[in-house]
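Given next are the chains, with one letter for each unit.
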Amino acid sequence: MIVSGFQQGLVLALGALARSGVEQVGLEDPGPRQHDEIVRRAGMRPVAVPVDGAGLDVDALRRPGARAVLVTPAHQCPTGVVMGPERRHALVAWAAEVDGIILEDDYDAEFRYDRQPVGSLQGLAPDRVLALGSLSKTMAPGIRLGWLLVSQSLVGPVVREKLLTSRGAPALDQLALAVLMESGRYDRHVLRMREAYRIRSDVLAGAVAQHAPGLRLVGLDAGCHAVLELPAGVAEADVVRSALHHAVRVHGVSHYRVDAPRAAEAHVPAALVLGFGNVGEERILHGVDVLGGIIADGRA
Ligand SMILES: Cc1ncc(COP(=O)(O)O)c(C=O)c1O
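Residues numbered from 1 in each chain as written. Predicted model: local features only at pLDDT ≥ 70, side-chain atom pairs only at ≥ 80, totals over all residues. Heavy atoms only, no water.

### A word on helix H7 (residues 171-182)
Next up, step 1: With twelve residues, H7 should reach 16 Å at 1.5 Å per residue; the first-to-last C-alpha distance of 16 Å fits that figure.
Next up, step 2: Directly beyond the C-terminal end of H7, a positive phi value near 85 degrees is found at Gly184. (Helix = DSSP H or I, 4+ residues; strand = E, 2+ residues; numbered from the N terminus. Expected span 1.5 Å × (residues − 1).)

### Some thoughts on the sheet that holds strand E6 (residues 101-105)
Next up, step 1: Read across the open sheet, the eight strands follow the order E1-E8-E7-E6-E5-E2-E3-E4; overall the sheet is mixed. If you trace the sheet from one side to the other, it starts and ends with strand E1 (2-3) and strand E4 (55-56), each paired once.
Next up, step 2: Here four bridges tie E6 to strand E7 (residues 129-134), and the two strands are oriented parallel to one another. Along E7, the bridge assignment pairs Asp105 with Leu132. (Pairing = 2+ DSSP bridges.)

### Section: unusual backbone geometry
Next up, step 1: The omega torsion of the bond from Asp29 to Pro30 falls at 0 degrees, within 30 degrees of zero and hence cis.
Next up, step 2: You can see Pro30 is positioned in the loop between strand E2 (24-29) and helix H2 (35-41).
Next up, step 3: In this chain, Cys77 is followed by Pro78 through a cis amide linkage whose omega measures 10 degrees.
Next up, step 4: Take Pro78: it is sitting in the loop between strand E5 (68-71) and helix H4 (85-98).
Next up, step 5: Despite not being glycine, Asp108 has its phi angle at roughly 75 degrees, a positive value.
Next up, step 6: Relative accessible area serves as the criterion here: at 1%, Asp108 is assigned to the buried category.
Next up, step 7: At Ala247, a position not held by glycine, the phi torsion is positive, near 65 degrees. (Buried < 20%, exposed > 50% of the residue type's maximum accessible area, 1.4 Å probe, protein only.)

### Brief notes about the site of the ligand
Next up, step 1: Neighbouring residues of the ligand: Gly5, Phe6, Gln7, Pro32, Cys77, Asp105, Tyr107, Ser134, Ser136, Lys137 and Arg144.
Next up, step 2: In this structure, an oxygen atom belonging to the ligand sits 2.6 Å away from a side-chain N or O atom of Ser134.
Next up, step 3: Ser136 is positioned such that a nitrogen or oxygen atom in its side chain is 2.6 Å from an oxygen atom of the ligand.
Next up, step 4: Out of a free accessible area of 400 Å², the ligand has 78% covered by protein chains.
Next up, step 5: For the shell around the ligand, the per-class residue count stands at four nonpolar, four polar and three charged. (Near = heavy atom within 4 Å. Polar contact = N/O pair within 3.5 Å; in protein donor to acceptor, adjacent residues only side chain to side chain. Areas by Shrake-Rupley, 256 points an atom, 1.4 Å probe, with all protein chains shown as cover. Nonpolar A, V, L, I, M, F, W, Y, C, P; charged D, E, K, R; others polar.)

### Focus on the nonpolar core
Next up, step 1: Core analysis: the largest hydrophobic core is formed by 36 residues, its most contacted members being Leu204, Leu228, Val239, Leu272, Leu274 and Leu291.
Next up, step 2: Contributions of two or more residues to this core are made by helix H8 (185-211), strand E10 (225-229), helix H9 (236-245), strand E12 (271-275) and helix H10 (281-299).
Next up, step 3: Sorting elements by how many residues they give to this core places H8 first, with eight residues.
Next up, step 4: When residues of this core are assigned to domains, at least three fall in each of domain 1 (2-181) and domain 2 (187-299).
Next up, step 5: Not counting chain neighbours up to four residues away, the residues in contact with Leu272 comprise Ala226, Val227, Leu228, Leu230, Glu236, Val239, Val240, Val250, His251, Gly252 and Leu291.
Next up, step 6: Formed by 26 residues, the second largest nonpolar core is a distinct cluster that contains Val25, Val39, Ala68 and Leu154. (Core = buried A, V, L, I, M, F, W, Y, C linked by side-chain atoms within 4.5 Å. Domains from an automatic or database assignment. Contact = heavy atoms within 4.5 Å.)

### Points about the pattern of salt bridges
Opposite charge on two side chains permits them to pair, given that their charged atoms come into close proximity.
Next up, step 1: According to the stated counting rule, one finds eleven salt bridges in the structure shown.
Next up, step 2: The partner of Asp202 in a salt bridge is Arg198, with the nearest N and O atoms 2.8 Å apart. Of this pair, Asp202 and Arg198 both sit in helix H8, four residues apart, roughly one helical turn.
Next up, step 3: Owing to a relative accessible area of 27%, Arg198 belongs among the partly exposed residues under this scheme.
Next up, step 4: The residue Arg241 makes a salt bridge to Asp238 at a minimum N-O spacing of 3.4 Å. Taken as a pair, Arg241 and Asp238 lie in helix H9 at a separation of three residues, close to a single helical turn.
Next up, step 5: Taking relative accessible area as the criterion, Arg241 reaches 55% and is therefore assigned exposed.
Next up, step 6: Residue Asp238 is classed as partly exposed on the basis of its relative accessible area, which comes to 41%.
Next up, step 7: Taken together, the shared-partner salt bridges in this structure form one network comprising Asp29, Arg257 and Arg262. (Salt bridge = Lys/Arg side-chain N within 4 Å of Asp/Glu carboxyl O.)

### Quick word on helix H6 (residues 155-165)
Next up, step 1: Among the residues of H6, Val158, Glu161 and Lys162 are the ones counted as buried. Buried residues of H6, viewed axially, fall in a sector of 95 degrees; they line one side.
Next up, step 2: Of the surrounding elements, those touching the buried residues of H6 are E1, helix H1 (6-19), E7 and strand E8 (146-149). (Arc of directions from axis to C-beta.)

### A look at the pairing of E5
Next up, step 1: On E5, burial covers both faces: Ala68 and Leu70 on one face and Val69 and Val71 on the other are all buried.
Next up, step 2: As paired elements, E2 and E5 share three bridges and run parallel to each other. Residue pairing for E5: Leu27 is matched across the bridge by Leu70.
Next up, step 3: Of the pairings in the sheet, the one linking E5 to E6 comprises four bridges and is parallel in character.

### Concerning a nonpolar patch on the surface
Next up, step 1: Taken together, Met1, Val155 and Val159 make up a surface patch of nonpolar side chains, about 200 Å² in accessible area.
Next up, step 2: On the secondary structure map, Val159 appears in helix H6.
Next up, step 3: With a relative accessible area of 41%, Val159 lands in the partly exposed category. (Patch = residues over 30% accessible without salt bridge, like charges linked within 9 Å, V, L, I, M, F, W, Y side chains within 5 Å.)

Here you go:
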């Protein structure tokens, strides 16, 4: 189904799940902003599930008794972790055990720098996974086109949600996109942007090595953001505030904590989320220079 971006797809999918009897939805913690509120609006309860170095903690997901979960396996938002093969299989096994559904936000999957794009969860278990894709990262957020790949059992309920909400998606925009795809220009655009973002991510890594030596930068395997871990004793909120004072805008990882009951306590170290999707090389260098100075002052 073609929809107006990921966000609309999510709202439709959650509406269909709520009406088919799902009461709780697991959300990655930290995770994308506002999903807790969107789940509540759909009439269900969000549950915050911790994320570690391999992705969502599937054992913790078992405890609350949720039957749906929303994940960003290709490049976890915001930690940048790529969900490992074991976790992927464990998650699919969980879905089969609880007769559940996995909502896969396939965001950033097109922009991998270290290897071939990782396979989707949807490809592993088409009956258990509802995949959501979008043009917002590959082209531009303003285009407002996205898609859902819906497992057979949910086709009817999701179509009903769409019909009662917006009936369709702009046909001219879809025709234009079809021309881009059929001519190969969409693929060429994605390849070109992948190279542009790879260069920016290298610039970011180099700037951190120069201006914030010794600090770990993680999540650079894919996507348009990375996470800079802060040294002990340096408060995330203070760095964010001082940076803004110097016209450098970043968020702390705590900005992405899920506001919902927790399936298990998550240890989320102080860190900054550094986005470079719409920032040129000079501004990356300048921004990291500013951040490096603030962090050094904080340490002192
Ligand atoms: C985690 C995540 N998924 C998906 C999207 C795309 O959302 P949309 O297609 O509604 O613009 C975004 C926003 O860029 C995002 O942060």
